[in-house]
There are 2 protein chains.
Amino acid sequence: MGRVSKKSQIDFAAAARRWHESNEDGRKPTMRDVADLAGVSKKTVSRVINESPLVNEATREGIKALIRDIGYRPDPQARGLASKRSFLVGLITDNPTPQYVVQIQHGILDVLRPTGYELVVHPCDRKSDTFLEDAKRFIEVQKLYGVIMTPSVSEDERLAEITRELGCAYIRIASIALDMERRMIVTNDRVGGREAAHHLAKLGHQRIAIIAGRRSFRSAHERRAGFEEGLAEHGISIPPEYVLQGDYTFDSGFALGSEILDLDPPPTAVFASNDEMAAGVLQALHVAGQTPPDALSVVGFDDFETATRVWPRLTTARTPARRIGRLAAERLFEFDKDEAVAAGPNQTTPRLIERDSTRRHKT
Amino acid sequence: MGRVSKKSQIDFAAAARRWHESNEDGRKPTMRDVADLAGVSKKTVSRVINESPLVNEATREGIKALIRDIGYRPDPQARGLASKRSFLVGLITDNPTPQYVVQIQHGILDVLRPTGYELVVHPCDRKSDTFLEDAKRFIEVQKLYGVIMTPSVSEDERLAEITRELGCAYIRIASIALDMERRMIVTNDRVGGREAAHHLAKLGHQRIAIIAGRRSFRSAHERRAGFEEGLAEHGISIPPEYVLQGDYTFDSGFALGSEILDLDPPPTAVFASNDEMAAGVLQALHVAGQTPPDALSVVGFDDFETATRVWPRLTTARTPARRIGRLAAERLFEFDKDEAVAAGPNQTTPRLIERDSTRRHKT
DNA sequence: GCTATTATTGACACCGGTGACAATCTTTTT
DNA sequence: AAAAAGATTGTCACCGGTGTCAATAATAGC
């Protein structure tokens, strides 16, 4: 290493000046231009762009400086055409909560931005019968570098299989590991459920209801299981009539919230498996003329914006969506890396945020 | 027209069969394959793909059928490289309300989906000093087919100018026409403000306050102007001390909501220029132990999800965000069309949704 | 029937990069 | 000092389309 070839004698700064002078018409430089100015072949410039180690140190630095000076940007389309992949990352979602989706997008972009990769969004409907075809076409036609999937599509084995078959990198965001560890970002919803349980138990609640989430979401099971485990640690169990089946929507929370009021004896607290449903419960209480948390303590899950908009503000387990997006994007770029290489974190744990929707049970 | 050339004697169905038989390894067909099977040149296939009228009717139909049969998809990268543009549409946003952004995204995708164009999201920070450069690079490097901008970046003349200079199609979403009509989607916020005013006036309110939106948003001025106009029609004017300056955030609504309570005499109704601030006002009332709408009628603006999550549910002027997204995408594809050609609609008008946060003023 | 005109199609270079492999230059080995 | 090995760079075809312009086919005009 460190050898100084004749080529390195080239004055890169002068080359840049030359470019600026001869380019009064403001043409965008191509790799050809860079190569000519630097007195090397396109291939060498290409190597510099792609961080290939087979380039002389001095040459590399000179070319890099030149590229910076004249503002050269490789054309992603040409790169993609030649290398049979694009510089696009797809985000496949079917989550109806805008706050979640946008946070995830921002998280992903935090990582993508400096890399030059771009994010293409692809909401879908898992129930559509062309959903798998559509996704496949999307990945294949755009030759996506990678895809990130959120619940509940992320839990679809067929979609994961298709992505694998296409040789596309992917990261699945979910509440349990459904795949090789480094292809998952796992949010440990079970712990969140457990914390919610501890919180209510510590406040002295005994008669506790739960509104479960949509069955087709793994998170619904995890949250519920965690919650029940947590209560069990305090010797509390949930009787069957206190288990209500929701579907993660505000409307279901509202409907079930009204039902809770008719229970006899009524519970003193309820764990709604997400904020939307928790907000629905609060609204049902208000409509019935009750005042939470006096009438009923309510715990939510997610800590999206809704949690702080409602009254009383929700005590809830925070899902760090932006961070999840960030991790997903980071892991995506390590997709092919050796498993042995120390991978970054791929786990997040919800943390309980205590607010006003829960209070000590008066015995 | 209607001439039957010898070429049309080719049996396209047989060609498709031939392909399926000889392609047991599942290779994706290219334009070369289609052309060879059809016995025509690549250029002719290219013409069919691009809906060129200079192709014989029979040839066109045959090739189309063949393309369908063997599942050929033109490669957007190759197309882009050759034609110096991509099949990507950029969405440049700096609106902090996730519900708005996601709705817009969905609206745009409603239109894009069947076309094969894809949506690349690009949130930005107008206050960043590299914001313009970044946007320019984004458009230039990706060779975007077009961009759609939402408030408040849509109101930035410099950004519009840059986009124009790059020869990129664009649509600006805003509350007033800042540009040629067919390059705008205008939401007539003034009318929304007016309707809010009429609503409150009809309910008998006289002492009415307003929480204005962030000054750097045109919509803030429009909403306020419309509201004041509307009140004026009922002979009502807003005294200076009833005009509060918010910034469209929940927190500002909360803070100003508290202030309202200290006003002497207190207003009986308030128009918050968006739902977030309206929600803030409601929360401030709750914290103060007041019960809206008895204590204070509150009108919001937007009708995003928050409006129905809070208690009481907000009376608010609906911004049809998804429809706006749809219109924007539709107009984008007509960007170069002759002005004389009857353009589709590019206006939307908010509609007041009456809910529970307003009530008749008891005199 | 022959030429002018229009409809339809094709040839070929090129868009801006990368892959595979060959060539050249240095340094090390013997 | 020649051969072997390693480092560095270059050559050239090709990725899958489109633009330009020429070529061919079919109909119209006289």
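This structure is a prediction, so every number in the text was calculated from the model and none was measured.

**Brief notes about the pairing of strand β10 (residues 315-318) of chain B**
Put simply, side chains in a regular strand alternate between the two faces of the sheet.
Residue and element names in this part refer to chain B.
Okay, step 1: For strand β9 (residues 297-302) and β10, the ladder comprises 4 bridges, and the chain directions are parallel. Looking at the pairing, Asp 302 lines up with Arg 318 of β10.
Okay, step 2: By the bridge criterion, 3 bridges tie β10 to strand β12 (residues 351-353) in an arrangement that is antiparallel. Bridging from a neighbouring strand, Ala 317 pairs with Leu 352 of β12.

**What about the interface of chain A and chain B?**
Okay, step 1: Counting residues at the interface gives 31 residues for chain A and 31 residues for chain B.
Okay, step 2: Ranked by the residues each element gives to the side of chain A that touches chain B, the list is headed by helix α6 (residues 98-112) of chain A, at 7 residues.
Okay, step 3: Residues of the side of chain A that touches chain B, tallied by class, amount to 17 nonpolar, 10 polar and 4 charged.

**Structural notes on helix α2 (residues 31-38) of chain A**
Residues and elements named next belong to chain A.
Okay, step 1: By the burial criterion, the buried members of α2 are Met 31, Asp 33, Val 34, Leu 37 and Ala 38. Considered in projection along α2, the buried side chains sweep an arc of 160° and stay on one side of the axis.
Okay, step 2: Each element contacted by the buried residues of α2 is listed here: α1 (12-22), α3 (42-49) and α4 (57-70).
Okay, step 3: Of the residues trailing α2, Gly 39 is marked for its positive phi of about 70°.

**Comments concerning the relation of the copies chain A and chain B**
Okay, step 1: Expressed as a screw transformation, the operator carrying chain A onto chain B has a rotation angle of 180° and an axial translation of 0.0 Å, and the superposed copies differ by an RMSD of 0.1 Å. Both copies of the chain, as the preceding transformation shows, are related through a two-fold rotation axis.
Okay, step 2: Of the interface residues in chain A, 100% have counterparts in chain B that sit at the interface too, so the contact is made through matching surfaces.

**Details of the sheet that holds strand β6 (residues 208-212) of chain B**
Strand pairs in the sheet, formed through backbone hydrogen bonds, run parallel or antiparallel to each other.
Residue and element names in this part refer to chain B.
Okay, step 1: Across the sheet, 6 strands lie side by side as β7-β6-β8-β9-β10-β12; this open sheet has mixed pairing. The open sheet has two edge strands with one neighbour each: β7 (243-245) and β12. With direction set aside, neighbouring strand axes in the sheet form an average angle of 20°.
Okay, step 2: Where β6 meets β7, 3 bridges bridge the pair, whose relative direction is parallel. Paired with Ile 210 across the strands is Val 243, a residue of β7.
Okay, step 3: Packing against the sheet, helix α9 (residues 189-202) makes contact with β6, β8 (269-272), β9, β10 and β12, and its axis sits at approximately 160° to β9.

**Quick notes on the sheet that holds strand β7 (residues 243-245) of chain A**
Residues and elements named next belong to chain A.
Okay, step 1: Across the sheet, 6 strands lie side by side as β7-β6-β8-β9-β10-β12; this open sheet has mixed pairing. A single partner strand is all that each edge strand has here, and the edge strands are β7 and β12 (351-353). On average, each strand axis in the sheet is tilted by 20° relative to the strand beside it, whichever way the strands run.
Okay, step 2: Lying over the sheet, helix α10 (residues 218-233) contacts β6 (208-212), β8 (269-272) and β9 (297-302), oriented at roughly 165° with respect to β6.

**Regarding the packing of helix α5 (residues 76-83) of chain A against helix α5 (residues 76-83) of chain B**
Okay, step 1: Running from N to C, α5(A) and α5(B) point in directions that differ by 135°, and their axes come no closer than 8 Å. The pairing of α5(A) with α5(B) is recorded here as oblique in orientation. Handedness of the crossing formed by α5(A) with α5(B): left-handed. Of the residues in α5(B), those touching α5(A) at Gln77(A), Ala78(A), Gly80(A) and Leu81(A) are Gln77(B), Ala78(B), Gly80(B) and Leu81(B).
Okay, step 2: Grouping the constituent residues of the contact of α5(A) with α5(B) by class yields 4 nonpolar, 4 polar and no charged.

**Concerning the pairing of strand β4 (residues 169-174) of chain A**
All names here are of chain A.
Okay, step 1: Here β4 lies mainly inside the structure; 6 of its 6 residues are buried.
Okay, step 2: Strand direction decides the pairing type here: strand β3 (residues 146-149) and β4, joined by 4 bridges, are parallel. Note that in β4 the partner of Val 147 across the bridge is Tyr 170.
Okay, step 3: For the handedness criterion, the β-α-β arrangement of β3, helix α8 (residues 157-165) and β4 is classed as right-handed.
Okay, step 4: Inspection of the sheet shows β4 paired to strand β5 (residues 184-187) by 3 bridges, in the parallel sense. Considered in β5, the bridge of Arg 172 is made with Met 184.

**Some details on helix α6 (residues 98-112) of chain B**
Okay, step 1: When the terminal C-alpha atoms of α6(B) are compared, their 21 Å separation across 15 residues agrees well with the 21 Å that a helix rising 1.5 Å per residue should span.
Okay, step 2: Burial analysis of α6(B) places 13 of its 15 residues in the buried class, the great majority of the element.

**Description of the nonpolar core**
Okay, step 1: In terms of nonpolar packing, the biggest core is built from 164 residues, with Val270(A) and Val270(B) touching the most fellow members.
Okay, step 2: The residues touching Val270(B), leaving out its near neighbours within four places in the chain, are Ile208(B), Ala209(B), Ile210(B), Ile211(B), Ile260(B), Val281(B), Leu296(B) and Val298(B).

**Points about unusual backbone geometry**
Residues and elements named next belong to chain A.
Okay, step 1: Cis geometry is adopted by the peptide bond preceding Ser 152, which originates at Pro 151 and carries an omega value of 0°.
Okay, step 2: Omega for the bond connecting Trp 311 with Pro 312 falls within 30 degrees of zero, at -10°, which places this linkage in the cis form.
Okay, step 3: For Tyr 248, which is not glycine, the phi torsion reads 75° and is therefore positive.
Okay, step 4: With respect to the helices, strands and loops of the structure, Tyr 248 is situated in the loop between β7 and α11 (250-262).

**Things to note about the environment of Val48(A)**
Residues and elements named next belong to chain A.
Okay, step 1: Here Val 48 shows up in helix α3.
Okay, step 2: Linking Val 48 and Glu 61, residues 13 residues apart in sequence, is a C-alpha distance of 8.7 Å.
Okay, step 3: If near-sequence neighbours (up to four positions away) are discounted, Val 48 is found in contact with Val 55, Arg 60, Ile 63 and Lys 64.

**Section: the packing of α1(A) against α4(A)**
Residue and element names in this part refer to chain A.
Okay, step 1: Contact geometry of α1 with α4 gives a least axis separation of 9 Å together with a crossing angle of 25°. Relative to α4, α1 is oriented roughly parallel. Relative to α4, α1 is oriented so that their crossing is right-handed. Contact residues: α1 offers Phe 12, Ala 15, Ala 16 and Trp 19, while α4 offers Gly 62, Ala 65, Leu 66, Asp 69 and Ile 70.
Okay, step 2: Classifying every residue of the contact of α1 with α4 gives 7 nonpolar, 1 polar and 1 charged.

Parameters at a glance
- Residue positions are given per chain, counted from 1 along the sequence in the order it is written.
- Chains carry letters from A onward and ligands carry numbers from 1 onward, assigned in written order.
- This being a predicted model, a pLDDT of at least 70 is required before a residue's local features are given, and a value of 80 or more before pairs of side-chain atoms are given or counted; all residues contribute to the totals for chains, interfaces and linings.
- Two strands qualify as a pair provided that DSSP identifies no fewer than 2 bridges between them.
- Segments assigned H or I by DSSP are reported as helices when at least four residues long, segments assigned E as strands when at least two residues long, and all are numbered from the N terminus.
- Here, residue contact means that the backbone-derived C-beta atoms of the two residues sit within 7 Å.
- Amino acids are sorted into nonpolar (Ala, Val, Leu, Ile, Met, Phe, Trp, Tyr, Cys and Pro), charged (Asp, Glu, Lys and Arg) and polar (every other residue, Gly among them).
- Any residue surrounded by 20 or more other C-beta atoms within 10 Å of its C-beta is treated as buried, while 12 or fewer makes it exposed and the intermediate range makes it partly exposed; C-beta atoms here are placed from the backbone.
- Here the arc refers to the directions that run from the helix axis out to each C-beta atom.
- In superposing the copies, a least-squares fit is computed on C-alpha atoms, taking residues whose pLDDT is at least 70 in both.
- Whenever a helix is involved, its axis is fitted only over the stretch in contact; in every case the axis is a line through C-alpha atoms, and angles between N-to-C directions fall within 0 to 180 degrees.
- Should an angle lie under 35 degrees it is considered roughly parallel, over 145 roughly antiparallel, and from 65 to 115 roughly perpendicular; all remaining angles are considered oblique.
- What makes a crossing left-handed is the near helix being turned counterclockwise from the far one by less than a right angle; a clockwise turn instead makes it right-handed.
- Think of it like this: strands point away, you trace from the first strand over the helix to the second, and a clockwise trace means the crossover is right-handed.
- Expected span of a helix, by definition, is 1.5 Å for each gap between consecutive residues, and there is one gap fewer than residues.
- Joining buried Ala, Val, Leu, Ile, Met, Phe, Trp, Tyr and Cys residues through C-beta atoms within 7 Å gives a set, and that set is a nonpolar core.

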